[in-house]
Amino acid sequence: MTPQIVHTEGESNTSDARKAWLKKSIGPKSKPLLARDSEAFLHQSLSSPCVSTIAKADGIWIEDKDGHRFMDFHGNSVHHIGYGHPKLIAAIKAQLDDLPFAPRRFTNDPAVELAEKLAEIAPGDLSKILFTTGGSDANEVALKIARAATGRFKTVSFWDAFHGAGLGASSVGGEATFRSHIAGPLLPGTEHIAPFHPTRCPYGHKTLEASATACANMLDYVLEREGDVSAVIAEAMRAVPIVPPPGFWKAIRAICDKHGALLILDEIPTGLGKTGKMFCCEHDEIVPDILTVGKALGGGILPIAACIVRPELDVCGDFAIGHYTHEKNPVTARAALTTIQIIQEDGLVERAAELGDYALAKLHNQLDDLSIVADIRGRGLMFGVEIVNNNTDKTPDVARAEKIYYACLEAGLSYKISQGSVLTLSPPLTISREDLDVALDIVIAAIKDETV
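What you are looking at is a predicted structure, and each value in this text was computed from that prediction instead of being measured.

A word on the side chain of Ser30
Here Ser30 is to be found in helix H2 (residues 30–40). A distance of 2.7 Å separates polar atoms of two side chains, one belonging to Ser30 and the other to Asp66. The contact partners of Ser30, leaving out residues within four places of it in the chain, are Thr53, Asp64, Lys65 and Asp66.

Details of the environment of Ile444
Tracing the backbone shows Ile444 in helix H13 (residues 433–451). With a relative accessible area of 6%, Ile444 lands in the buried category. Taking the C-alpha atoms as reference points, Ile444 and Val385, 59 residues apart in sequence, are found 9.9 Å from one another. The residues touching Ile444, leaving out its near neighbours within four places in the chain, are Lys362, Leu363, Gln366 and Leu367.

Quick word on the sheet that holds strand S10 (residues 305–309)
As summarised here, the arrangement of the 7 strands in space is S4-S10-S9-S8-S7-S5-S6, forming an open sheet in which the pairing is mixed. The sheet terminates laterally at strand S4 (128–132) and strand S6 (190–193), the two strands that pair on one side only. Put simply, the sheet's adjacent strands are angled 20° from each other on average, direction ignored. One ladder, built from 4 bridges, connects strand S5 (residues 154–158) with S6; its direction is parallel. Following the sheet pairing, Val156 is matched in S6 by Glu191. Here helix H4 (residues 109–121) sits on the sheet and contacts S4 and S10; the angle it forms with S4, its principal contact strand, is near 125°. Here helix H9 (residues 248–259) sits on the sheet and contacts strand S7 (229–235) and strand S8 (262–266); the angle it forms with S8, its principal contact strand, is near 145°.

Rules and cut-offs
Residues numbered from 1 in each chain as written. Predicted model: local features only at pLDDT ≥ 70, side-chain atom pairs only at ≥ 80, totals over all residues. Heavy atoms only, no water. Helix = DSSP H or I, 4+ residues; strand = E, 2+ residues; numbered from the N terminus. Polar contact = N/O pair within 3.5 Å; in protein donor to acceptor, adjacent residues only side chain to side chain. Contact = heavy atoms within 4.5 Å. Buried < 20%, exposed > 50% of the residue type's maximum accessible area, 1.4 Å probe, protein only. Pairing = 2+ DSSP bridges. Axes fitted to C-alpha atoms, helices over the stretch in contact; angles between N-to-C directions.

What is shown is where atoms sit, not what they do.
Below you can see the structure in the form of structure tokens.
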């Protein structure tokens, strides 16, 4: 008998709560398309069957075929500048007229300009670039570079982490949803350790700081015992979200240097201003050896990601590590350049910091005393509320979190559930204070309704 997977990301699309939502809330125009989607696409967790349809996407809003509108606080982390930004659309249209495609053996102005811009805004001396069409591939490239540069193949990463759906990315990832029930082995040498956690520390500690110290000590121990690890790969801030305490990444940086392992930081969901810094690792005042970025880089319209490395890691010139058909696509490059321009010119990094502080303060003020709320945490405009049975044993309450989620969806707010019971809220950086307040009030009301 196949064991039941315990999913650690997203509301399950096979749950009774999802079935009840579809029966109650899907309108007559959306229902046929959902049926066609279910018939046409391979089924997998978190995707088909889908939660609803989308007919329009504009700013912070998505709208289904029946006219139901939702503020989108998920967006797969692509919508930093909102959906359909007019400046971005105009730039893409102009680029299509100017140069629509470039074979990868030929270069072009937008691709080179984007590489130069990423080197300019990346922390420290990170300055050599390779573009891919998605974040998973960017992490695969990072792993190849680490092998080539160190002459080693092993990695250490964290359970519960997500680094993409490719075979290598799934191997270093730590979520059962993306690792289990695939026949045969994943990549060899992909060691994992338990992460730190503010409410359910795998090491048995009661505080985030003590949990993080134990995690760092375990990494030091594993790297010492293995002796030949090429790289440590991790999310700069776990997008569940869990904020690392001060000093954690400096300790990890020192441990990697001590054992000759490279440090790869995955900033695919957190980069480009989401956390109130251009890159999340800037909060922690460290520079990784390799940084990956994607998702929002294409402005919520086109797929593009990048692997950014220190210049001394440009060691793969005699062989190939990632020749992608759209590697130097001038249209996707123009989209990314324009996205960065909008983020910088409109002060969206600073805006994320300001609105994030406001949102966290409001959530703490309204929810801190509730027994079903174990933690409220985040950085910038990526924050979350952890729902539990009660605040004494802090057991995740997956069923209650799903009830809250569908109540919010009914009220016009979409987001995702992480780690089974963390309401994870990630609005566009362009959101107004007024719309943010409306969304927060929806979440607060739904949680309080479940407390009564």
